[in-house]
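Coordinate inspection notes
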Amino acid sequence: MQTSKNPPLKKILDDIYTQYHHPKYLGLDPLICVRRFKDKGSRECTGLLAASLAYGRVEIIVRNINSIIDGAMGGDPVNFITNTSYRDKSKSLAKFKHRFNDGQDIAALLESIKIITKEHGSIEKCFCDCMKRGDNQLKSALTSFTDILKSSVRKYVDCRASFEYLIPSPGKGSACKRMVLYLRWMVREDDGIDLGVWKTVPTSCLLIPVDTHVAKIARGYGFTKRNSADWKMAEEITSVLRRYDPDDPVRYDFALCHAGMVDIRS
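Being a predicted model, the structure only gives us computed values, none of them experimental.

**What about the packing of aromatic side chains?**
Taken as a whole, this structure holds ten aromatic pairs when the rule is applied. Taking 5.7 Å as the distance between ring centres and 90° as the angle between the ring planes, the aromatic pair formed by Y182 and W198 counts as edge-to-face. Here W198 lies in the loop between α12 (177-187) and α13 (212-220) and Y182 lies in helix α12, a separation of 16 residues in the sequence. Its relative accessible area of 2% is what places W198 among the buried residues. Site record: aromatic cluster; members linked through ring pairs are F127, F145, Y182 and W198. One Lys or Arg, R178, reaches over the ring of Y165 and ends 4.7 Å from the middle of that ring.

Written out as structure tokens, the structure is:
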């Protein structure tokens, strides 16, 4: 509850947004790897790659994403994804390792992007088809979308736990931080932070990506009382933020996350 001695929560959020929603903090974000590119195709595919690997220490995340882009991909993500087989992708990524995931997982993800783009026209159109089938409910759409990503390359990585980890699904209650992070990058307008690549998905339907920084701040301000950073926590936090910006509730996400990161590193 707000008291006369405390500023309104909206002002607190807006102050955090003003201070931290700035490109100077992109150096602490895997999104910096995606902003290297200007065309939709490259941003779509490198965005999904970068978001999928967005776990662990950010400096290592950025280093490993760039090693794929500049190494195996030769700086041309669309060409590499489109014009190489899964076998060739695996060979090019044979030495790659990022914590729980290796080159075989990444090769499968990139091959899945190739298949989806061929069948649907783009990753955006695939996700929009999932939204339509799920009555425009994000959880249903994201469950279908991750199922398609995994099923399209099942023959290469069947029952591989590391690949399942790479592409989490809300169907099991996960907050799906990396998948909803990808949606934020694609859907929110290009404001120097997010990319505004997708034009057919409304920002109002987005869910906040819950990492340790956002969860800690959200508990501190009473957005949620949940201990587990799961899908329900993400819904609770988003519902509070939606009161202050119903059309774009996750606009505060980058700022909240980086406020927490700067606080820990200071």
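**Remarks on the pattern of salt bridges**
Per the counting criterion, the structure on display carries 20 salt bridges. R184 is paired through a salt bridge with D194; the nearest N and O atoms lie 2.8 Å apart. With R184 in helix α12 and D194 in the loop between α12 and α13, this residue pair connects regions lying ten residues apart in the sequence. The exposure classification of R184 matches that of D194, with both residues buried. Note that R251 and D245 form a salt bridge whose closest N and O atoms lie 2.8 Å from each other. A relative accessible area of 16% means that D245 is categorised as buried. Overlapping salt bridges bring together R184, R188, D191, D194, D248 and D253 as one network.

Procedures and definitions
- Residues numbered from 1 in each chain as written.
- Predicted model: local features only at pLDDT ≥ 70, side-chain atom pairs only at ≥ 80, totals over all residues.
- Heavy atoms only, no water.
- Phe/Tyr/Trp six-rings, centres within 6.5 Å; stacked < 30°, edge-to-face > 60°.
- Helix = DSSP H or I, 4+ residues; strand = E, 2+ residues; numbered from the N terminus.
- Buried < 20%, exposed > 50% of the residue type's maximum accessible area, 1.4 Å probe, protein only.
- Lys NZ or Arg CZ within 6 Å of the ring centre and 35° of its normal.
- Salt bridge = Lys/Arg side-chain N within 4 Å of Asp/Glu carboxyl O.

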